[in-house]
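Residues per chain, in single letters:
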Amino acid sequence: MAAQIIDGKAVSASVRSAVAEEVTALKQKGIGVGLAVVIVGDDPASRIYVNNKKKACAEVGIYSEEYALPAETTQQELLDLVHRLNNDPKINGILVQSPLPSHLDENQIVAEISPLKDVDAFHAQNVGKIMIGDFDFLPCTPAGCIHLIDSTGVSIEGKNCVVVGRSNIVGKPMAMLLLHRHGTVTICHSRTRDLAALCKQADILVAAVGRAKLITKEMVKPGAVVIDVGMNRNPETGKLCGDVDFEGVSQVAGYITPVPGGVGPMTIAMLMKNTVTAAKIQNK
Ligand code: NDP
């Protein structure tokens, strides 16, 4: 195996311990840090994410409240909760776990979260700020990926960076963060022609698609940094796996994130970091 494995658990632990120190320092100044997590319905994956987020809050000393609402919650009921949390001084960050049941309008809910409490950085105001490079919060998963790339010591500046996936929550902001760090960025998606040839040019390759083993070793430049955001179930084993064929790609890449134990833990660590940032902004 040629590639060095990027240990997301270790990198995220160091982020969380820095966050815990900040939380303690804020408490000494009389400033509490609080996160509200809202979950609607009983999606099992969402339940796991919410439990992990609550656990992470407890670990770093962040106060958390969970609102588990029934699947038949109306748009108005959810909006009322968001408005109440916007005005609750104990709560610095609000996270509405997606996906929401299909009868709810997620965009409207996100638009109603106070931009100062939008620790996911999904609100249009925060997205716009990221675009112009003047931001308070970075979206958790892309920010976590940048941390993982930095942990390798490989500089992003001037490198060919390829992001596969163009969602609003991962692919697009990921590309923007790489651009801010002076990468030369290509974004690929389902209509891209010759994905393999484009990926092969990448010094830094980020896969955020949701398809097991889409990225094979033939598509990877020797020595590249490969960041696997994907979270899929392996159809044969039923186990969690990424978008990258880890077995093959780890023979050619320079650095690679495993799934699990790569990007996933970073997403939660960055959420904790954003919640502290929110508390600081709100208590300026
Ligand atoms: P979306 O489904 O919103 O986006 C997937 C993207 O992949 C789309 O832009 C789509 O293109 C593109 N795509 C689909 N098929 C192909 C293909 N064959 N070739 C190239 N591009 C393709 O997913 P998300 O961005 O929300 O999530 C991506 C993955 O990351 C999922 O597995 C998700 O579970 C995981 N994830 C992991 C997180 C973590 O913390 N580890 C956090 C968030 C997500 P098009 O736009 O043309 O349809």
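See the structure shown above.
Residues numbered from 1 in each chain as written. Predicted model: local features only at pLDDT ≥ 70, side-chain atom pairs only at ≥ 80, totals over all residues. Heavy atoms only, no water.

## Some details on the sheet that holds strand β11 (residues 255–256)
Working step 1: Strand order in the open sheet formed by 6 strands is β1-β11-β8-β7-β5-β6, with parallel pairing between adjacent strands. Strand pairing shows two members of the sheet lacking a second neighbour, β1 (4–5) and β6 (184–188), which therefore form its edges.
Working step 2: For strand β5 (residues 160–164) and β6, the ladder comprises 5 bridges, and the chain directions are parallel. Residue asparagine 160 lies in a different strand from β6, and its bridge partner there is threonine 184.
Working step 3: Those strands touched by helix α7 (residues 171–180) are β5, β6 and β7 (204–207), and its axis lies near 170° from that of β5. (Pairing = 2+ DSSP bridges. Helix = DSSP H or I, 4+ residues; strand = E, 2+ residues; numbered from the N terminus. Contact = heavy atoms within 4.5 Å. Axes fitted to C-alpha atoms, helices over the stretch in contact; angles between N-to-C directions.)

## A short note on the nonpolar core
Working step 1: Among the nonpolar cores identified, the biggest contains 53 residues, and Ile62, Leu178, Ile227 and Met272 are the most heavily contacted of them.
Working step 2: The element best represented in this core is helix α10 (residues 263–282), accounting for 11 residues.
Working step 3: Once residues within four sequence positions are removed from consideration, isoleucine 227 is found in contact with Ile6, Cys145, Leu148, Ile149, Leu205, Val206, Ala207, Thr257 and Val263.
Working step 4: Of all hydrophobic cores here, the second largest spans 18 residues; its members include Leu195, Cys199, Ala202 and Val226. (Core = buried A, V, L, I, M, F, W, Y, C linked by side-chain atoms within 4.5 Å. Buried < 20%, exposed > 50% of the residue type's maximum accessible area, 1.4 Å probe, protein only.)

## Some thoughts on unusual backbone geometry
Working step 1: Going from serine 98 to proline 99, the amide bond is cis rather than trans, its omega being 0°.
Working step 2: Cis peptide bonds are those with omega within 30 degrees of zero, and the linkage from valine 259 to proline 260 qualifies with 0°.
Working step 3: Mapped onto the secondary structure, proline 260 falls in the loop between β11 and α10.
Working step 4: Although it is not a glycine, alanine 121 adopts a positive phi angle of roughly 60°.
Working step 5: A positive phi angle, near 70°, is found at histidine 182, a position not held by glycine.

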